[in-house]
Amino acid sequence: MSEAIIVTGAAGFIASHIVDRLLAEGHTVTGIDNFLLGRRENLVEPLQDSRFTLIEADLANADEAASVFAAVQQRQPVTQVWHMAANSDISAGIADANVDLRNTFLTTYNTLEAMKRHGIRRLAFASSSAIYGDLPVALTETTGPLFPISNYGAMKLASEAIISAAVESHLERAWLFRFPNVIGHRSTHSVIHDFIRKLRANPRELEVLGDGNQQKNYLHVRDLVAAMFSIVELGQDKLNWFNIGNRDAGATVRFIAESVIEAMQLAARIRYPGGAKG
Ligand SMILES: NC(=O)c1ccc[n+]([C@@H]2O[C@H](COP(=O)([O-])OP(=O)(O)OC[C@H]3O[C@@H](n4cnc5c(N)ncnc54)[C@H](O)[C@@H]3O)[C@@H](O)[C@H]2O)c1
């Protein structure tokens, strides 16, 4: 059945793929973004579709969030929100904690307040494996205690906590997706981008922080979107929370560095300063 759905952070990497999928399923979609990190080019096709509307607004600002939700709701009652807006620049949040307070936490708080005011009762939320901190174990949904090591992770965990509380008061259902590192078309940031940037500056040598053996789980955005839509279809509890990732052990940073050099057809030497962490 066709629904009216809001996607926050719609001009970003992952959310733009969600917009594509929702439109393909026949829904009417409103995207909200402040274009801090998002790009209109990510939404070229949706912008030609009469069922898609893009609104520029800062969801960290309570008044702006309230008025944009009121305007959308007036046009057509919204049934579901996919809240993807956040700060995705982890190092910006380390340099200034206010970045994650505003864009990762307050966007969630204000979205929930607006949903409450307008009786929108279903929320899909992009959380992160960053909520687990640096645990040396395979992660499951019950792994804990949860002590994040970045402001970003902390604000994602705080967002999960207020969504859990909202489920007890005004939400009918929420889905929390804990993403791994996501790669693919339209991606805005990742170790791959960092290496390309460094190699463009110096095609002869690539410095890779750590010893190259750090290993992380990566998932293609196409598989991530497929997993999220399956979870929304099948997760029928009030609060549904899932880690999404590959079953393999992940890729080492050495493998990624070598692959980027090969793809760029360079003969760059890789330099590792050493240490277990990047
Ligand atoms: N890419 C990953 O590897 C990864 C991993 C774990 C979690 N996530 C989460 O997935 C979601 C999407 O991430 P992404 O990789 O597509 O990042 P992205 O930066 O491409 O998308 C985030 C979007 O949110 C928008 N935004 C930020 N602050 C806003 C605000 N105050 N008001 C309105 N819009 C705002 C940005 O402009 C951007 O378009 C985020 O919540 C992110 O934390 C991503």
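Analysis parameters
- Residues numbered from 1 in each chain as written.
- Predicted model: local features only at pLDDT ≥ 70, side-chain atom pairs only at ≥ 80, totals over all residues.
- Near = placed C-beta within 6 Å.
- Helix = DSSP H or I, 4+ residues; strand = E, 2+ residues; numbered from the N terminus.
- Nonpolar A, V, L, I, M, F, W, Y, C, P; charged D, E, K, R; others polar.
- Axes fitted to C-alpha atoms, helices over the stretch in contact; angles between N-to-C directions.
- Parallel < 35°, antiparallel > 145°, perpendicular 65-115°, else oblique.
- Left-handed = near helix turned anticlockwise from the far one by under 90°.
- Contact = placed C-beta atoms within 7 Å.

### So, the site of the ligand
Neighbouring residues of the ligand: 29 residues in total, closest Gly9, Gly12, Phe13, Gly38 and Ala86. Elements with a minimum of two residues in the shell around the ligand: helix H1 (13-24), strand E2 (28-33), helix H4 (97-118), strand E5 (122-128) and strand E7 (181-183). Ranked by residue count, the leading element in the shell around the ligand is H1, at 3 residues. Grouping the constituent residues of the shell around the ligand by class yields 16 nonpolar, 11 polar and 2 charged.

### Quick word on the packing of helix H2 (residues 62-75) against H4
Two numbers describe how H2 lies on H4: the axes approach to 9 Å, and their chain directions differ by 40°. Classified by the interaxial angle, the pair formed by H2 and H4 is oblique. Between H2 and H4 lies a crossing of right-handed hand. Of the residues in H4, those in contact with Ala62, Ala65, Ala66, Phe69 and Gln73 of H2 are Asn110, Thr111, Ala114, Arg117 and His118. Of the residues that constitute the contact of H2 with H4, the class distribution is 5 nonpolar, 4 polar and 1 charged.

Nothing here speaks to function; it is all geometry.
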